[in-house]
Structure formats: C-alpha cells, structure tokens
Amino acid sequence: MMSDDAECDKKVTKSESEWRDKLSPEGYHVLREKGTERAFTGAYWDLKVNGMYRCAACGEPLFSSETKYDSGSGWPSFYEPADANSVAEQADHSHGMIRTEVSCRKCDSHLGHVFPDGPPQSGLRYCINSASLAFEADDAES
Ligand code: FE
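Throughout, residues of each chain are indexed from 1 in the direction in which the sequence is written. Totals for whole chains, interfaces and linings use all residues, but because this is a predicted model, local features are given only for residues with pLDDT of at least 70 and pairs of side-chain atoms are given and counted only at 80 or more. To get the side-chain values, take all heavy atoms of the structure and skip hydrogens and water.

Draft legend 1. Quick peek at the overall build of the protein chain. A tally of helices and strands in the protein chain yields 2 helices and 9 strands. Along the protein chain, helices (α) and strands (β) appear in the sequence α-α-β-β-β-β-β-β-β-β-β when read from the amino end. Its C-alpha radius of gyration of 14 Å places the protein chain within 12% of the 14 Å reference for a compact globule of 142 residues. When the backbone C-alpha atoms are referred to their principal axes, the protein chain occupies close to 45 × 35 × 25 Å. Exposure classes here rest on a 1.4 Å probe applied to the protein chains alone. A residue is buried below 20% of its type maximum, exposed above 50%, and partly exposed in between. Within the protein chain, the proportion of its 142 residues that are buried is 41%. A fraction of 53% describes how many contacts in the protein chain between residues 6 or more apart in sequence connect residues 24 or more apart. Accessible surface for the protein chain amounts to roughly 7,900 Å². Of this, 49% is attributable to carbon and sulfur atoms. For the purpose of counting charges, residues Lys and Arg are taken to be positive, whereas Asp and Glu are taken to be negative. His and the chain ends are not included. Charge placement uses NZ in Lys and CZ in Arg. For Asp and Glu, CG and CD serve respectively. Where the 15 positive side-chain charges of the protein chain centre and where its 25 negative ones centre are 5 Å apart. In DSSP terms, a helix is any run of H or I states spanning at least four residues, a strand is any run of E spanning at least two, and both are numbered starting from the N terminus. Note that the radius of gyration is over C-alpha atoms, with the globule rule given as 2.2 Å times the number of residues to the power 0.38. In what follows, a contact means two residues having at least one pair of non-hydrogen atoms within 4.5 Å. Working definition of accessibility: Shrake-Rupley area with a 1.4 Å probe, residue cover restricted to the visible protein chains.

Draft legend 2. Structural view of the sheet that holds strand β1 (residues 51-55). Only when DSSP finds a minimum of two bridges between them are two strands counted as paired. The sheet built from 3 strands is open, its strands ordered β2-β1-β9 with antiparallel pairing. Of all strands in the sheet, those with a lone pairing partner are β2 (61-64) and β9 (133-137), marking the two edges. With direction set aside, neighbouring strand axes in the sheet form an average angle of 30°. With 5 bridges connecting them, β1 and β9 associate as antiparallel partners. When the bridges of β9 are listed, M52 appears paired with E136. Each axis is a line fitted through C-alpha atoms, taken for helices only over the stretch in contact, and angles between the N-to-C directions span 0 to 180 degrees.

Draft legend 3. How the structure looks around helix α2 (residues 25-33). Turning to α2, its buried residues number three or more, namely G27, Y28, V30 and L31. Its buried side turned inward, α2 meets α1 (16-22) and β7 (110-115). Where α2 terminates, the next one or two residues include K34, which has phi positive at roughly 55°.

Draft legend 4. Examining the coordination of the iron ion more closely. C55 (SG), C58 (SG), C104 (SG) and C107 (SG) make up the full set of protein donors to the iron ion, lying at 2.3 to 2.4 Å. Only nitrogen, oxygen and sulfur atoms count as donors, using a 2.8 Å cut-off from the metal that widens to 3.2 Å for Na, K and Ca. Water is left out, so coordination shells may look unfilled. Think of it this way: with four donors and all angles in the 85 to 135 degree range, the site is tetrahedral; with four or six donors, opposite ones beyond 155 degrees and the rest between 65 and 115, it is square planar or octahedral; otherwise it is irregular. Note that the iron ion binds 4 donor atoms; their angles at the metal cover 102 to 115°, and the shape is tetrahedral. Between the donor residues of the iron ion, the gaps in sequence give the motif C-x2-C-x45-C-x2-C. One end of the pair, C58, is in the loop between β1 and β2; the other, C104, is in strand β6 (residues 99-104), and 46 residues separate them in sequence. C104 gets classed as buried once you look at its relative accessible area, which sits at 0%.

Draft legend 5. Region of interest: the nonpolar core. To form a nonpolar core, buried Ala, Val, Leu, Ile, Met, Phe, Trp, Tyr and Cys residues must be joined to one another through side-chain atoms within 4.5 Å. Among the nonpolar cores identified, the biggest contains 20 residues, and L62, F63, I128 and L133 are the most heavily contacted of them. Listed by contribution, the elements that provide at least two residues to this core are α2, β1, β2, β6, β7 and β8 (125-128). Residues contacting I128, with those up to four places away along its chain left out, are F63, W75, P76, F78, V102, L111, G112 and L133.

Written out as structure tokens, the structure reads:
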C-alpha cells in the first residue's frame, strides 16, 4: 500500500473514553488494554477470503490476505505487514515472557505479537488478534 501522502502519516489520537465509545468492549480490551482474545474464538483465524485486514480502531490497511497462512495457533497469522511502515514493534516483557509487541503505527493500538517461527517467505509470524482487525474483502469495492 502507498503511504507517500503526508496525510497518511498523521497520527490518529483519541482519548481513552473516545476509544471506549467507538469500539466494542472486546475491541477496546484488546486494542487499548493490550488484551488477547482466546485462541480459535476470533472472527478471522480461519478466514480464507482475499482482501485487506485493516486496523479495527483507525482503518489503516495492515495485513493482506496474500500473506495470511495457517499457523495452527488459532489466531490470524501473517508473514509480513502490508506495509512495513504501517506497524510498530516494541519489546514486551509482560506475563513473564520476552515477546515483541506489534501495534498500529497510526493509532498506537495493540494488534498482537511477532515471533521468529514463521514460514520461509520471511521467517516471521505476525500473530494478530481478530478483534484488532476489520476485514474488507477484495470484491467489496467492485
Ligand atoms: Fe490503527
């Protein structure tokens, strides 16, 4: 996805009460409180339709179905972001683990984690909560 328009670099910032009004309770918990949905319960872990997975909070395109694969984890898994600039990664030492958190660069919402056990295309597994994503099928615009 192109992001050369300066407008695309604008941050989306809302107060937590505004996010709470905008998002579902589960969406708020995952996106704004860094929650994790239970495996095999989300809307997208087993979805195999062509399209774009956007940020459920701000709508930024984050992951393409072209990079989605079945990791067996019970969460939507991708081997790379749609655009390297669309996600931010930072160390996460919570829950007694050393992990790399993935968040939406545009609105700073939590998406999931990235692990170094992905398929050969990148060696990376972006393990993302369905609750953090809003899927848009390719034929939705035709
Ligand atoms: Fe976002």
